[in-house]
Amino acid sequence: MSRSEKTSATVKERADIALNNDFLRKAVRFTTERLRNGKQLASTEHGNWDEWRERGRQIRLHTIAHLDYYLNLFVENARANGVHVHFAEDTAAATEIVMTIARHKQAESVVKSKSMVSEELHINHALEEAGIEAVESDLGEYIIQLAGEGPSHIVIPAIHKNRYQIAELLSKDAGEELPPDTTVLAGYVRRKLREKFLDADIGMTGCNFAIAETGSMVLFENEGNARMVTTVPKTQITLMGMERIIPSWEDLEVMATLLPRSATGQRLTMYMSGITGPKRDEDSDGPEEMHMIIVDNGRSGQLGDPEFQELLNCIRCGACLNVCPVYRQIGGHSYGGTYSGPIGAVLTPALNRNVAEWDDIANASSLCGACYEACPVKIPLHDMLVYLRRRKVERGHGNRWESIGMKGFAILMGNSKRLGTALKMGRILQKPVVHNGTISLKIGPLKGWTTYRDMPPMADDPFRERWSKLEQELQQDQVTMDATVKDRMEQLVQARQRSKRGDFDES
């Protein structure tokens, strides 16, 4: 999906396109299975995983419940460290702050490390419109930038592409044929990005965690590009969702245990950088000027909401995507927004106040609860999806025919005689469409089911009608107890009754 493409299609229409793309489905299934198995192994080896999850949940619950305090503490300490801190209410405000800094620095080029917030704000598009070159330095982000697409996964943005597609994209960029060899392809990108790092006027990053007690920001990565972004350019801009605060470095230990294991199955990422302000006189490298833009963009709307406040606990590990049976079939672009999978199905409507444009995305779930089991901070995403569906109906975006159908279902199930009559009629009417033991009719409301799976017919002898026959069988099978056995059982009962009264005669 193009970065600039509008989400006019429904999630079902986008999913239909993905389901007919065998290439995409194989690539997504292969990688999510590898990530899921890696996370399972890493968490099992670590031991006491649920205790660590609960500790992470408590840290996030506490922080979000006192977000105003920790934000103020972080800002106070960051400014004391020489950081220029800005607050952005929405996309327009954040973009204007970035562009103001870029104009002040007369910037011609910006080199970026991976940042989901910058994707959420579409910063690259704004920079390009202003004539400023924006280059992604993360390999996956660089690939989808060349393809003109958005990320398909929170952690691995190019999860939907294999090395042959990547080789084709990089060959066009290089102006020569590059083999589909990962070492060769990564080597080409590395050489090209080195030039971009040296020429960039501004380095732009995201923020995995912000430490309130010291005003520091922390980045997790595996390629080392974020360290180049934060040390070579003279000006650094960090985009941070307002919820990424944690109280202390001690709390970071818990997050540094949970995040890499949940995201990629690693004990630790290759690089974890803690940055506390711009370059000092005694430092050999680092930016001369550092800006931190704290972005709201709908996040504050979840504060105080008993159903959705826990959404802000998310640490963006992507574990919920890797276990979701829906995401693993349709990939990330089917969700239509920056964030995909179960977290995207909740986060996107929540941040957009569940406007009509996004009122169908909560339906992209089986409500199996696998996302909750995988989440390192125990966010009940499956419950939130139900809440969103309820709100969708309450705000008048429900399906008219579904509403009529549910009312009819209630009438039918409210009377046992009506239900019995309907079941008998159904068994008769289904006969023309039953073939080889299944219903294969692909029209009307059945099409959504029978297109991809078998629909079993109604049983000739339904479960609810078997009780009378079972009762008759039980009565027929009853055998009169032998008289001797009956007398002995009566004696035992009487003896127990006497023992309870205290007059049991052992003789």
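No experiment lies behind these values; they were computed from the predicted model shown.

**Remarks on the domain arrangement of the chain**
Item 1. What the domain assignment lists for the chain is domain 1 (3-301) and domain 2 (400-476).
Item 2. With centres defined by C-alpha atoms, the gap from domain 1 to domain 2 works out at 51 Å.

**Points about empty space enclosed by the protein**
Item 1. One pass over the structure, following the stated rule, counts five cavities of 30 Å³ or more.
Item 2. Reported here for the largest cavity is a volume of approximately 90 Å³.
Item 3. Lining the largest cavity we find 14 residues, and of these Cys 314, Cys 317, Cys 320, Cys 375 and Pro 376 sit closest to its centre.
Item 4. The residue inventory of the lining of the largest cavity, partitioned by class, reads 12 nonpolar, one polar and one charged.
Item 5. By volume, the second largest cavity amounts to about 70 Å³.
Item 6. Every residue along the wall of the second largest cavity is listed here: Cys 320, Cys 324, Pro 325, Pro 342, Ser 365, Ser 366, Leu 367, Cys 368, Gly 369, Ala 370, Cys 371 and His 382.
Item 7. Its residues placed into classes, the lining of the second largest cavity shows eight nonpolar, four polar and no charged.

**Quick word on the nonpolar core**
Item 1. In this structure, Leu 311, Tyr 335, Ile 343, Val 346 and Leu 381 are the most contacted members of the largest nonpolar core, which totals 38 residues.
Item 2. Elements with a contribution of two residues or more to this core: helix H1 (11-19), helix H2 (22-46), helix H13 (319-323), helix H14 (327-330), helix H15 (341-351) and helix H17 (381-394).
Item 3. Contacts of Leu 311, omitting those with residues within four sequence positions, involve Ile 343, Val 346, Leu 347, Ala 350, Ile 379, Leu 381 and Met 384.
Item 4. Ranked by size, the runner-up nonpolar core spans 23 residues in total, among them Tyr 70, Val 75, Leu 219 and Ile 245.

**Quick notes on the packing of aromatic side chains**
Item 1. For the coordinates displayed, the defined rule picks out four aromatic pairs.
Item 2. Taken together, a centroid distance of 5.0 Å and an interplanar angle of 75° make the contact between Tyr 69 and Tyr 70 edge-to-face.
Item 3. Taking the relative accessible area as the measure of exposure, Tyr 69 reaches 49% and is therefore partly exposed.
Item 4. The exposure class assigned to Tyr 70 is buried, which follows from its relative accessible area of 12%.
Item 5. Summarising the aromatic geometry, the rings of Phe 308 and Tyr 387 are spaced 6.2 Å apart at their centres and angled 80° between planes, so their arrangement reads as edge-to-face. Taken as a pair, Phe 308 in the loop between strand S10 (289-295) and H13 and Tyr 387 in helix H17 lie far apart in primary sequence, 79 residues in all.
Item 6. For Tyr 387, a relative accessible area of 26% translates into the label partly exposed.

Definitions and limits used
- Residues numbered from 1 in each chain as written.
- Predicted model: local features only at pLDDT ≥ 70, side-chain atom pairs only at ≥ 80, totals over all residues.
- Heavy atoms only, no water.
- Domains from an automatic or database assignment.
- 1 Å grid on protein atoms, 1.4 Å probe; cavity = no way out; pocket = protein on both sides within 12 Å on 5 of 7 lines; lining within 4 Å.
- Points joined across faces, edges and corners; volume = space filled by probe spheres on them.
- Nonpolar A, V, L, I, M, F, W, Y, C, P; charged D, E, K, R; others polar.
- Core = buried A, V, L, I, M, F, W, Y, C linked by side-chain atoms within 4.5 Å.
- Buried < 20%, exposed > 50% of the residue type's maximum accessible area, 1.4 Å probe, protein only.
- Helix = DSSP H or I, 4+ residues; strand = E, 2+ residues; numbered from the N terminus.
- Contact = heavy atoms within 4.5 Å.
- Phe/Tyr/Trp six-rings, centres within 6.5 Å; stacked < 30°, edge-to-face > 60°.

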